[in-house]
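# Structural features, examined
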Amino acid sequence: MCGIIGCVGRDDTVETLLNGLSNLEYRGYDSAGLAIGGGNLEVTKKQGELENLRAELDNNESSVSGTVGIGHTRWSTHGPPSDRNSHPHTDSDNRVSVVHNGIIENYQSIRDELTTEGITFTSDTDSEVVPHLIAGYLDDGLNPQAAFEKAVERIEGSYALAVIIEGTDAIFAVRNDSPLVVGAGDSAYFLGSDVPAFLDYTRDVVYLDNGEFAILRPDGWTISNQEGDNVTKNPKTVEWTAEQTGKSGYSHFMLKEINEQPTSLRQCISGRVDELKDAVVVEELDHLSHVDRVQFVACGTSYHAALYGAELLRDRDINSKAYLASEYATAPAPVTKATLVVGVTQSGETADTLSALREAQNRGAQTLALTNVVGSTAARECDHVLYIRAGPEIGVAATKTFSSQLVTLNLLVEHLARGRGRSTTNYELITALRNLPNQVQHVLDESNAQEVVDEYVGDNAFFFIGRGLNFPVALEGALKFKEITYEHAEGFAAGELKHGPLALVTANTPIFAVVTGDDERAQKTIGNIKEVEARDAPVVLITDGETEAERYADHVLEIPDSHQRVSPMLANVQLQLVAYHMADRFGRDIDKPRNLAKSVTVE
Ligand code: F6R
């Protein structure tokens, strides 16, 4: 995700902001910028490393200074990385400067409206509507605070905003579904998307809740709610070590990223589902030509997402298949121009996937990159691109990106199904996707995975089973487990156990079985659970409790009830925690497992 820093009341504002931005670098970014205010606003921003911004500031003839400022590290979602798309964004007269994290869902309609009024936009971003809106309200005679609040009333979506306005020595901020925290120093006040942004200056922090506004001035800070009432919040002192700060206090990036899923999923869905029309709205796919079959190419975790996507499409009567990219690259499946080949790739840089996509493109198929990284090779080379908007992932083991891939695949599938005249998206699915972030939060809050894995430390091997959409989740559970615990783990289609793997099953091979819903598949999986139980294998059941499966389980990891397509995503969160806690128990190098790399750029 992008990073925000703001400070009021320091003489070395530029250095403080740069220091904050450098402390946010670990989050990943593609450009950085800052704005200094108090009197006139001075904005400096550059694509690329923070060093580029420093160099630009050094070149700046009029030395930039002031006692109030905001800074930003950008991770692109709307518009490629570039100087002009970097934050802060300003209005046409350079009176208002804004940094924004999140996604403004209704930006296009606001942009159209403002363009009609004669405003020229200078970036491709959703964020730029905010300074123009505020400037408009200032022109209407509103004071800076009222103009800011009025602009916030206009926007929908997820946002953490920090704004400075010409002639005002204050920072105006608000949060909705995107984190923002105030740092309460002795004589200076700070704002950050994350505590490390200002930890060099104060450890006393106040977290903003959704809908809360903050104003930071040289003589203090205030917080108010949507109704305009002041909210009293006492700062808490964070005790994190330097090493923990980048991880927001979590012991590993992987655990932080698992816990970020409610936010990253909200960001993934934001503006893409329309509950009123029971429809998905994915502008990126508007230019797809006729598609009569879909081939997915992907590796590792992304391949598991692809298996899930292919199953969804088949369920919607659209011909589809998932291929391991490394196999497809040397033996491509037949394609026509009505074949859509989708490269599912978090990084957009995986050599096997790029090679498979190029092969498909050369043979005349349409290609689509389903990726997390704006401007990645896959995004640039494919005919179309659909971003999963998970934010940067630092841990080598993919977690939040897998969840966002599954949600994005639902959007793609519904878009294609509608294009093929299949029945429209149902209300239950849209509602379930909307509820997913809160349900993931519930799983994170309530999970007993840590206690359960303690029971199985030292066992011989760990097997994961599931059917239908739970099969890719079982494969993913096993992959996550093996890559960070270094223990032997395998995922199987539940019905396949009896065709061989059952020979491995003993009292020392725990079976993690995913059973959701209560259909024929769930009942058949219960039959498979009985098979392993009869061989004395301990059973850990991941379930929504719809069946009687719990009777055959030694331990249960519960998930909330949801749509049959969404339940596997909730089960996956429990399996992420299973893998994490077991690896932690062994003291493994969880964020950088041996022999593995985040981006695999060789075939
Ligand atoms: C496992 C993992 C890998 C990647 C694979 C493909 O946790 O992260 O299996 O999924 O290397 O990478 P991307 O998605 O970047 O193409």
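Our structure's up above, just so we're on the same page.
Residues numbered from 1 in each chain as written. Predicted model: local features only at pLDDT ≥ 70, side-chain atom pairs only at ≥ 80, totals over all residues. Heavy atoms only, no water.

On to the overall build of the chain. Helix and strand counts for the chain come out as 18 helices and 26 strands. Relative to its length of 603 residues, the chain is compact, with a C-alpha radius of gyration of 25 Å against a globular reference of 25 Å. Along the first, second and third principal axes, the C-alpha set of the chain runs to 75 × 55 × 45 Å. Across the 603 residues that make up the chain, the buried fraction comes to 61%. Taking contacts inside the chain between residues at least 6 apart in sequence as the whole, the part at least 24 apart equals 70%. Of the roughly 22,800 Å² of accessible surface on the chain, 42% is carried by carbon and sulfur atoms. Put simply, the chain has 50 plus and 89 minus side-chain charges, and the middle of one group is 6 Å from the middle of the other. (Helix = DSSP H or I, 4+ residues; strand = E, 2+ residues; numbered from the N terminus. Rg over C-alpha atoms; globule rule 2.2 N^0.38 Å. Buried < 20%, exposed > 50% of the residue type's maximum accessible area, 1.4 Å probe, protein only. Contact = heavy atoms within 4.5 Å. Areas by Shrake-Rupley, 256 points an atom, 1.4 Å probe, with all protein chains shown as cover. Lys, Arg positive; Asp, Glu negative; His and termini not counted. Charge placed at Lys NZ, Arg CZ, Asp CG, Glu CD.)

Another aspect to go through is the sheet that holds strand S21 (residues 384–387). Strand-to-strand pairing in sheets goes through backbone hydrogen bonds, with the strands running parallel or antiparallel. If you trace the 5 strands from one edge of the open sheet to the other, you get S18-S17-S19-S20-S21, paired in parallel fashion. Across the chains shown, the open sheet's two edge strands, defined by having one partner strand only, are strand S18 (319–324) and S21. Strand-to-strand twist across the sheet, computed as the mean angle between neighbouring axes with direction ignored, equals 20°. The pairing of strand S20 (residues 366–371) with S21 spans 4 bridges and is parallel. Its bridge partner lying in S21, leucine 370 is registered against leucine 386. Each of strand S17 (293–298), strand S19 (339–345) and S20 is contacted by helix H11 (residues 351–362), which is oriented at about 165° to S19, the strand it contacts most. Seen against the sheet, helix H13 (residues 400–419) touches S17, S19, S20 and S21 and runs at an angle of roughly 145° to S20. (Pairing = 2+ DSSP bridges. Axes fitted to C-alpha atoms, helices over the stretch in contact; angles between N-to-C directions.)

Further remarks concern the site of the ligand. Inspection of the region around the ligand gives 13 residues, with Ser302, Thr345, Ser347, Thr350 and Glu483 positioned closest. At 2.5 Å from an oxygen atom of the ligand is found a side-chain nitrogen or oxygen belonging to serine 302. In this structure, threonine 345 approaches the ligand through a side-chain N or O atom, which is 2.6 Å from an oxygen atom. When isolated, the ligand has an accessible area of 410 Å², and the protein chains bury 90% of it. With 3 residues, helix H9 (residues 300–315) is the single largest residue contributor to the shell around the ligand. (Near = heavy atom within 4 Å. Polar contact = N/O pair within 3.5 Å; in protein donor to acceptor, adjacent residues only side chain to side chain.)

One finds Val294, Phe296, Val342, Leu412, Leu416 and Phe464 to be the most contacted residues of the largest nonpolar core, which totals 84 residues. Residue contributions to this core peak at 11 residues, all from helix H18 (residues 567–585). Dropping the residues within four chain positions of it, leucine 412 is found in contact with Leu285, Phe296, Val342, Leu368, Leu370 and Leu386. Core analysis: the second largest hydrophobic core is formed by 28 residues, Ile104, Leu114, Val130 and Ile215 among them. (Core = buried A, V, L, I, M, F, W, Y, C linked by side-chain atoms within 4.5 Å.)

A word on the sheet that holds strand S2 (residues 31–37). Reading across the sheet, the 8 strands line up as S3-S2-S4-S1-S10-S9-S11-S14 and stay open at both edges, with antiparallel pairing between neighbours. Only two strands of the sheet have a single partner each, and these edge strands are strand S3 (42–47) and strand S14 (236–237). Sheet topology places strand S1 (residues 3–8) next to strand S4 (residues 68–74); 6 bridges connect them, and they run antiparallel. Paired with isoleucine 5 across the strands is glycine 71, a residue of S4. Its contacts with the sheet place helix H2 (residues 50–59) against S2 and S3, and it is angled at close to 140° to S3.

This next bit is on H9. Its 16 residues place the ends of H9 23 Å apart at the C-alpha level, agreeing with the 22 Å of an ideal helix rising 1.5 Å per residue. For H9, the tally of buried residues reaches 13 of 16 residues, placing the bulk of the element in the interior. Where H9 terminates, the next one or two residues include aspartate 317, which has phi positive at roughly 65°. (Expected span 1.5 Å × (residues − 1).)

As a further point, take the pattern of salt bridges. Considering all chains together, one arrives at 27 salt bridges under this definition. Taking the shortest distance from any N to any O, the salt bridge between arginine 95 and aspartate 91 comes out at 3.5 Å. The same class applies to arginine 95 as to aspartate 91, namely buried. Glutamate 414 is paired through a salt bridge with arginine 316; the nearest N and O atoms lie 2.6 Å apart. Residue glutamate 414 is found in helix H13, and its partner arginine 316 is found in the loop between H9 and S18; the two are separated by 98 residues along the sequence. Summarising the burial analysis for this pair, glutamate 414 and arginine 316 share the class buried. When salt bridges that share partners are traced, they join Asp91, Asp93, Arg95 and Asp139 into one network. (Salt bridge = Lys/Arg side-chain N within 4 Å of Asp/Glu carboxyl O.)

Histidine 87 connects to proline 88 through a cis peptide bond whose omega is 0°. Within the secondary structure layout, proline 88 lies in the loop between S4 and strand S5 (89–90). A positive phi angle is found at aspartate 177, which is not glycine, with a value near 60°. By the element assignment, aspartate 177 lies in the loop between strand S8 (171–176) and strand S9 (181–184).

Turning next to the pairing of strand S10 (residues 189–192). Of the two faces of S10, the one lined by Tyr189 and Leu191 and the one lined by Phe190 and Gly192 are each fully buried. As paired elements, S1 and S10 share 4 bridges and run antiparallel to each other. In the sheet register, glycine 6 faces S10, and the bridge partner there is leucine 191. Where S9 meets S10, 4 bridges bridge the pair, whose relative direction is antiparallel. Across the sheet, glycine 183 pairs through a bridge with phenylalanine 190, a residue of S10. Linking S9 to S10, which pair antiparallel, is a turn of 4 residues.

For the rest of this paragraph, the subject is the packing of aromatic side chains. Across all of its chains, the model carries 10 aromatic pairs by this definition. Between phenylalanine 481 and phenylalanine 512, the aromatic rings sit 6.4 Å apart at their centres with planes inclined by 45°, giving tilted as the arrangement. In this pair, phenylalanine 481 is assigned in helix H16 (residues 470–485) and phenylalanine 512 in strand S24 (residues 511–515), connecting sequence segments 31 residues apart. For the pair shown, phenylalanine 481 and phenylalanine 512 are each scored as buried. Positioned above the aromatic ring of tyrosine 323 is the side chain of lysine 321, whose terminal nitrogen or guanidinium carbon lies 5.2 Å from the ring centre. (Phe/Tyr/Trp six-rings, centres within 6.5 Å; stacked < 30°, edge-to-face > 60°. Lys NZ or Arg CZ within 6 Å of the ring centre and 35° of its normal.)

Listed in full, the buried residues belonging to helix H1 (residues 13–23) are Thr13, Val14, Thr16, Leu17, Leu18, Gly20 and Leu21. Those residues of H1 hidden inside the fold are in contact with S1, S2, H2, S4 and S10.

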